[in-house]
There are 2 protein chains.
Amino acid sequence: MRSTVYAVRGELMQRGEELRKAGREIIFTNIGNPQALGQKPLSFNRQVQALVNAPFLLENERIIAEFPEDAIARAREMLTKLPGGVGAYQDSRGSPAIRQEIADFLQHRDGYPSNAEHIFMTDGASPAVRMCLQALIRDSRDAILVPIPQYPLYSASIQLLGGSLLPYHLKEESGWSMNVEDLRNQVRLGRDNGMAVRALVFINPGNPTGQCLSYQNLKDLIEFAAEEKLVLMADEVYQTNIYQDELPFVSAKRVLRDIGGSVADELELISFHTISKGVIGECGLRGGYMELVNIHPEVIGEMYKIASINLSPNTMGQVSISLMVNEPKPGDTSYEKHVEEKGTTLASLIRRAHIMTDGFNKLEGVTCNFTEGAMYSFPRIRLPPKAIQAAKEAGKPADTFYCLALLEATGISTVPGSGFGQEEGTLHLRTTILPPENSIKEVIARLTKFHEEFMDKYR
Amino acid sequence: MRSTVYAVRGELMQRGEELRKAGREIIFTNIGNPQALGQKPLSFNRQVQALVNAPFLLENERIIAEFPEDAIARAREMLTKLPGGVGAYQDSRGSPAIRQEIADFLQHRDGYPSNAEHIFMTDGASPAVRMCLQALIRDSRDAILVPIPQYPLYSASIQLLGGSLLPYHLKEESGWSMNVEDLRNQVRLGRDNGMAVRALVFINPGNPTGQCLSYQNLKDLIEFAAEEKLVLMADEVYQTNIYQDELPFVSAKRVLRDIGGSVADELELISFHTISKGVIGECGLRGGYMELVNIHPEVIGEMYKIASINLSPNTMGQVSISLMVNEPKPGDTSYEKHVEEKGTTLASLIRRAHIMTDGFNKLEGVTCNFTEGAMYSFPRIRLPPKAIQAAKEAGKPADTFYCLALLEATGISTVPGSGFGQEEGTLHLRTTILPPENSIKEVIARLTKFHEEFMDKYR
């Protein structure tokens, strides 16, 4: 079988699991799993979820007296959107009524129409990405442009599907910006090597890099993709994880439609979203969707067939997507509480983004761009030659060596930068900003103490 | 992109959808989706599901007063098995504690040990099958033995993965039995054609054919696979849909261990199970698992990595699997109601299996083996030459022509036999036995009237 590498759940996580089983307290900051670190689910969503699981509760007056009326109404409405209830297969693209809610949400977000027939729900965004890559990759000559550093879903899936990854580098010194000239060079290089360059992936806000793309950046990217006739894969799963005001989230779809003309009508764009991130953070329920823009109807038909083989995305993920794109409105019983819960979580994430990046920037030899969005900090770490030598002797990449030492010393489980790709000669690590506020300062304190000792040891 | 064919959600279903949208009442018997046709979910399961979705309900005394105490206790216990709750990613193979419950269930079912480390939970059984085929198929020379007729998950996935399907025929005249001599010939034929025959799929109880394999049949099959060094893929998703006493379900794992010796220690067996079938019928929640027996640890490691790319199977599917393999016990508050609900559904399925196959056998030119298990009847239909000619003129396979005419005339949506494969020169259709009891006689009446008119028209 084809082998693959998937660092986010790699050596560090396995060692962390071993230590945890042996009784050590481990802080898993290796994966963006907010509820595992104490982020509270949204009350309204969970009320509706409980009721759609057990519709007989809706017939019990003593029970419904304990639920807000909008949650009850929403649960009844949800059940009409899922014929047969949550235990029945739905359309292989997900419930048409919920896909219409997504289309309405996208139209409201972008100010441009969205077609529910071009939306597919999936078990989280990852299977949607894989489905697209499967449609794009025919053999090893088919190449996909992927940012470096990248989220390893892309490298691992491309590897498994037998395609080629064509890297383009984000510039750390200018806030992980992307450069169209670099993209153009890489495409030329790929084509010179006989590759058919099929698609361009970008992640906005960035994972693991945490940057937010500007409107102009997106415009350049879209025009470049149109020029080169590439399918644009827009990983926008962190669209509501924004921690500053200068660079608000702008969707590729909106910029595409703003550009207008033949680009708006012809560029093939696929954008991905999920319930796993944002302040909803429902990773475990596995809900995601993709919107297909300007994709040929025959290709959509083939993707529908591929989706059909898996029968139906899970219904609770669909319910959760519905609740994400169609929230309580002003005047609804749950509105104020819902807004407050979301605001509390977002404000806390903003504070933690600052605490984490400030913490890293105070360490000797470490620099870290501010986490403008998403859920991660990705500091660059400069290690003394003796540490590099010790890593070599241990048979490990230097960043893995550092992260393992950090794990053993502090219980903090991170992911080495090599798992995401990094410029030759540089070292990084990725950590989430998710440790809860009452412990994140302790995390930074432990990290600082470890780093000082590590540097002293190998200086 | 690679094209594929998936008949269960093919032309018939699309036409059915069109008619439904135009206001026609359509009876979807094309897919095994019991709750969509009114099968009631099990109350205990749904009570637990509601509580794990909204753990704050457990703190509300007025609410828990309305729940049986074992459902409350089970929900509390379930939450300890899912760190972070249902909103958090779990281990990529699913919760270790729930996998242990599965292992205990398998050990109790088979009388032989089962190892939770060799169990993977997935979003329904289909992704587990695909994951295995992905591990087995390297290129088009890799061949998988698949029964004909078969469930098209297999043909479609093998096609998508670029492998080869090596068919072996079930014998309709002897109750869809499988014949080891035929298998041996097919393997020889495949090898003569330069194929690497990698695995043997069987479906017990059969889909679409509804037969149950005898102990001796399974023993022959296993010994044959061992002799030929094939991986055995045992699709046992209908293991509790058994409608007669002569051929109870026997797992391949049990027979393998009974055989003992080198076969028991060496034959690579992968068996699949799901929450979608049986009397639980929770299709929409997408829960499934596979048990890997005698699979090399390195291969298991690679499969773990593939599972990791998709992060985690959905938690509500995991909850439902836990509830399927670990049911209320004698003495528990919900025990009697649970047993009664299951018994009611099973008894009804048995009656419907008889009504359906009896109904088909009364039709001119139609014969139908009794549905011993699973959820389908697969009658053979002999059409007059004028009907075959009319189909040819319409540019359709004759079985599709018949099924479309049935759909237009009666609203009954079936799947043509050609979607599953059938012996050359024969015609079949597949229907589920799932229409509810208060309407199944009406279904048979409509079918009978249609068939008579169809035969009269083309005789």
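Chain A has the name Aminotransferase class I/classII large domain-containing protein in an unreviewed UniProt entry, where Apatococcus fuscideae is given as its organism. UniProt, in the comment section headed Subunit (unreviewed entry), describes chain A in these words: "Homodimer."

Participant: Help me out: how do you make sense of the overall build of chain A in this one?
Facilitator: Helices and strands together make up the secondary structure of chain A, namely 17 helices and 14 strands. Dimensions of chain A, computed from C-alpha atoms along their principal axes, come out at roughly 70 × 55 × 45 Å. The proportion of buried residues among the 459 residues of chain A is 62%. Of the roughly 16800 Å² that chain A leaves accessible, carbon and sulfur atoms contribute 51%. Of the charged side chains in chain A, 48 are positive and 57 negative; the average position of the first set lies 5 Å away from that of the second.

Participant: Sorry if this is basic, but what is going on with the domain arrangement of chain A here?
Facilitator: A common way to express how large an interface is: the accessible area buried when the components associate. All names here are of chain A. Structurally, chain A comprises domain 1 (7-30 + 339-458) and domain 2 (81-325). Centre-to-centre, using C-alpha coordinates, domain 1 lies 28 Å away from domain 2. Taken together, the two surfaces of domain 1 and domain 2 that pack against each other cover about 2200 Å², and 59% of this comes from carbon and sulfur. Counting every contact that joins domain 1 to domain 2 gives zero salt bridges. The interface formed by domain 1 and domain 2 contains twelve residue pairs in polar contact (both at pLDDT 80 or more). For the side of domain 1 that touches domain 2, the elements supplying multiple residues, two or more each, are α14 (335-361) and β10 (376-377). Grouping the constituent residues of the side of domain 1 that touches domain 2 by class yields twelve nonpolar, nine polar and four charged.

Participant: How should I be thinking about the UniProt feature "domain: Aminotransferase class I/classII large" (unreviewed entry) in chain A in this particular structure?
Facilitator: When the UniProt feature table is mapped onto this chain, "domain: Aminotransferase class I/classII large" (unreviewed entry) is found at residues 69-447 of chain A. With 45% helix and 15% strand, the stretch residues 69-447 of chain A has end C-alpha atoms that lie 47 Å from each other.

Participant: What is the right way to look at the relation of the copies chain A and chain B in this model?
Facilitator: Relating the two copies of this chain is a rotation about some axis coupled with a shift parallel to it. It takes a turn of 180 degrees to lay chain A on chain B, together with a shift of 0.0 Å along the axis; the resulting RMSD is 0.0 Å. Such values leave the two copies arranged in the relation of a two-fold axis. Proximity to the rotation axis, assessed at the C-alpha, singles out A50(A) in chain A; its C-alpha lies 2.0 Å from the axis. Here 100% of the interface residues in chain A have copies in chain B that are interface residues too; the copies meet face to matching face.

Participant: Is there a simple way to think about the packing of helix α2 (residues 43-53) of chain A against helix α2 (residues 43-53) of chain B in this case?
Facilitator: Two quantities define a packed helix pair, namely the angle between the helix axes and the distance between the axes. The geometry of α2(A) relative to α2(B) is characterised by a closest axis approach of 8 Å and an angle of 175 degrees between their N-to-C directions. Looking at the two axes, α2(A) sits roughly antiparallel to α2(B). On α2(B), the residues that touch R46(A), Q49(A), A50(A), V52(A) and N53(A) of α2(A) are R46(B), Q49(B), A50(B), V52(B) and N53(B).

Participant: Looking at this structure, how should I read the sheet that holds strand β13 (residues 415-416) of chain B?
Facilitator: Pairing between the strands of a sheet comes from backbone hydrogen bonds, and it takes one of two forms, parallel or antiparallel. All names here are of chain B. If you walk across this open sheet you meet the three strands as β10-β14-β13, and the pairing is antiparallel. Edge positions in the sheet fall to β10 (376-377) and β13, since each of these pairs with one other strand and no more. Relative to strand β14 (residues 429-432), β10 runs antiparallel, the two being bridged by two bridges. When the bridges of β14 are listed, Y376 appears paired with T432. Against the sheet, helix α14 (residues 335-361) contacts β10 and β14, and its axis sits at roughly 150 degrees relative to β14.

Rules of the game
- Residues numbered from 1 in each chain as written.
- Chains lettered and ligands numbered in written order.
- Predicted model: local features only at pLDDT ≥ 70, side-chain atom pairs only at ≥ 80, totals over all residues.
- Heavy atoms only, no water.
- UniProt positions renumbered as here; feature names shortened; annotations may be inferred.
- Helix = DSSP H or I, 4+ residues; strand = E, 2+ residues; numbered from the N terminus.
- Buried < 20%, exposed > 50% of the residue type's maximum accessible area, 1.4 Å probe, protein only.
- Areas by Shrake-Rupley, 256 points an atom, 1.4 Å probe, with all protein chains shown as cover.
- Lys, Arg positive; Asp, Glu negative; His and termini not counted.
- Charge placed at Lys NZ, Arg CZ, Asp CG, Glu CD.
- Domains from an automatic or database assignment.
- Buried area = accessible area lost by both parts, 1.4 Å probe.
- Salt bridge = Lys/Arg side-chain N within 4 Å of Asp/Glu carboxyl O.
- Polar contact = N/O pair within 3.5 Å; in protein donor to acceptor, adjacent residues only side chain to side chain.
- Nonpolar A, V, L, I, M, F, W, Y, C, P; charged D, E, K, R; others polar.
- Least-squares fit on C-alpha atoms with pLDDT ≥ 70 in both.
- Contact = heavy atoms within 4.5 Å.
- Axes fitted to C-alpha atoms, helices over the stretch in contact; angles between N-to-C directions.
- Parallel < 35°, antiparallel > 145°, perpendicular 65-115°, else oblique.
- Pairing = 2+ DSSP bridges.

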